[in-house]
Amino acid sequence: MRIYKDIFTGDEMFSDTYKIKLVDEVLYEVYGKHIRRAQGDIALDGANPSAEEASDDCETAVESGVDIVLNHRLAETYAFNDKKAYTSYLKDYMKKLVAKLEEQSPDQVDVFKSNMNKVMKDILGRFKELQFFTGESMEIEGMVAMLEYRDIDGDSVPVLMAFKHGLQEEKF
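The structure contained in this document is the topic of the report that follows. All figures in this text were calculated on a predicted structure; none of them were measured in a lab.

The rules behind these values
Residues numbered from 1 in each chain as written. Predicted model: local features only at pLDDT ≥ 70, side-chain atom pairs only at ≥ 80, totals over all residues. Heavy atoms only, no water. Phe/Tyr/Trp six-rings, centres within 6.5 Å; stacked < 30°, edge-to-face > 60°. Buried < 20%, exposed > 50% of the residue type's maximum accessible area, 1.4 Å probe, protein only. Helix = DSSP H or I, 4+ residues; strand = E, 2+ residues; numbered from the N terminus. Lys NZ or Arg CZ within 6 Å of the ring centre and 35° of its normal. Pairing = 2+ DSSP bridges. Axes fitted to C-alpha atoms, helices over the stretch in contact; angles between N-to-C directions. Parallel < 35°, antiparallel > 145°, perpendicular 65-115°, else oblique. Left-handed = near helix turned anticlockwise from the far one by under 90°. Contact = heavy atoms within 4.5 Å. Salt bridge = Lys/Arg side-chain N within 4 Å of Asp/Glu carboxyl O.

## Digging into the packing of aromatic side chains
Moving on, step 1. Enumeration according to the criterion identifies 13 aromatic pairs in this entry.
Moving on, step 2. Arranged with centres 5.1 Å apart and planes meeting at 80°, the rings of Phe-80 and Tyr-86 form a pair that is edge-to-face. Per residue, the accessibility class of Phe-80 equals that of Tyr-86, and both read buried.
Moving on, step 3. Taking the centre distance of 4.8 Å and the plane angle of 35° together, the rings of Tyr-86 and Phe-132 count as tilted. Residue Tyr-86 is found in helix α2 (residues 83-104), and its partner Phe-132 is found in strand β8 (residues 131-134); the two are separated by 46 residues along the sequence. The same class applies to Tyr-86 as to Phe-132, namely buried.
Moving on, step 4. Members of the aromatic cluster, joined through ring pairs, are Phe-8, Phe-80, Tyr-86, Tyr-89, Tyr-93, Phe-127, Phe-132 and Phe-163.
Moving on, step 5. Stacked on the ring of Tyr-31, the Lys or Arg Lys-19 has its end atom at 4.8 Å from the ring centre.
Moving on, step 6. Cation over ring: Lys-96 sits above Phe-8, and NZ or CZ is 4.6 Å from the ring centre.

Given below as structure tokens:
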């Protein structure tokens, strides 16, 4: 399994247990689903609860949301109430990413810049439909992933978008 972490904060953003698509070599689209589960409920594949177990008549707390967000403890941020605020964040974040790329992979800087401009122009056109998420640390100086719902085969599917060059892959 691979975990994708923010290079600036070390926060987990998502894993390869979801369907992932790379767009123009700069943006990962991670396809999730809306789920409901009991808080603290751990379901293991192949587990069969004992028929002799006493059932509690107490109500259990239920959490619902997008599986990627819940499983990786992402936190929604409301820092970007307009396109101008997000664009300002994005310019600063891209400068940090370009500096990191120049250090590690100078040959990729031009491709990154041209592809990122194309991808972000498209995404900013849909700004009002986006939700924004930070990693568990809620550090706004790190990556802010975007989430939107898309109609895929008649279903509303949550799609988390994260910048490829702002992530490091860890194998487990």
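## Focus on the sheet that holds strand β2 (residues 12-15)
Moving on, step 1. The three strands are arranged β2-β1-β11 in an open sheet whose pairing can be described as antiparallel. Here the strands that pair on one side only, and so sit at the sheet edges, are β2 and β11 (167-171). For this sheet the average axis-to-axis angle between neighbouring strands, irrespective of direction, equals 30°.
Moving on, step 2. Taken together, the three bridges between strand β1 (residues 2-6) and β2 define a ladder with antiparallel strand orientation. The residue of β2 that forms the bridge with Tyr-4 is Phe-14.

## Description of unusual backbone geometry
Moving on, step 1. Positive phi is not limited to glycine here, since Glu-25 has a value of about 60°.
Moving on, step 2. Locating Glu-25 in the fold gives a position in the loop between β3 (19-23) and β4 (27-31).
Moving on, step 3. Among the residues examined, Glu-25 registers a relative accessible area of 45% and is labelled partly exposed.

## What to know about the sheet that holds β3
Moving on, step 1. Judged by pairing direction, the sheet is antiparallel, and its six strands sit side by side in the order β3-β4-β10-β9-β8-β7 without closing on themselves. The open sheet has two edge strands with one neighbour each: β3 and β7 (75-77). The mean angle between the axes of side-by-side strands here comes to 35°, regardless of whether they run parallel or antiparallel.
Moving on, step 2. Pairing between β8 and strand β9 (residues 145-152): three bridges, direction antiparallel. Across the sheet, residue Gln-131 finds its bridge partner in β9, namely Leu-147.

## A word on the packing of α2 against helix α3 (residues 109-124)
Moving on, step 1. It is the contact of α2 with α3, at a shortest axis distance of 11 Å, that shows an interaxial angle of 165°. Judged on the interaxial angle alone, α3 and α2 are roughly antiparallel. As α2 runs across α3, the sense of the crossing is right-handed. Residues Lys-83, Tyr-86, Thr-87, Leu-90, Met-94, Leu-97, Val-98, Leu-101 and Glu-102 of α2 pack against Val-109, Phe-112, Lys-113, Met-116, Met-120 and Leu-124 of α3.

## What about the pattern of salt bridges?
Moving on, step 1. Applying the stated criterion across every chain, the model contains 10 salt bridges.
Moving on, step 2. In this structure, Arg-37 engages Glu-63 in a salt bridge whose closest nitrogen and oxygen atoms are separated by 2.9 Å. Placement of the pair is Arg-37 in strand β5 (residues 34-38) and Glu-63 in strand β6 (residues 62-66), with a sequence separation of 26 residues.
Moving on, step 3. When its relative accessible area of 21% is taken as the criterion, Glu-63 is described as partly exposed.
Moving on, step 4. With a shortest N-O distance of 3.1 Å, Arg-73 and Glu-136 are connected by a salt bridge. On the criterion of sequence distance, the pair formed by Arg-73 in the loop between α1 (67-71) and β7 and Glu-136 in the loop between β8 and β9 is long-range, its members being 63 residues apart.
Moving on, step 5. What makes Glu-136 partly exposed here is its relative accessible area of 45%.

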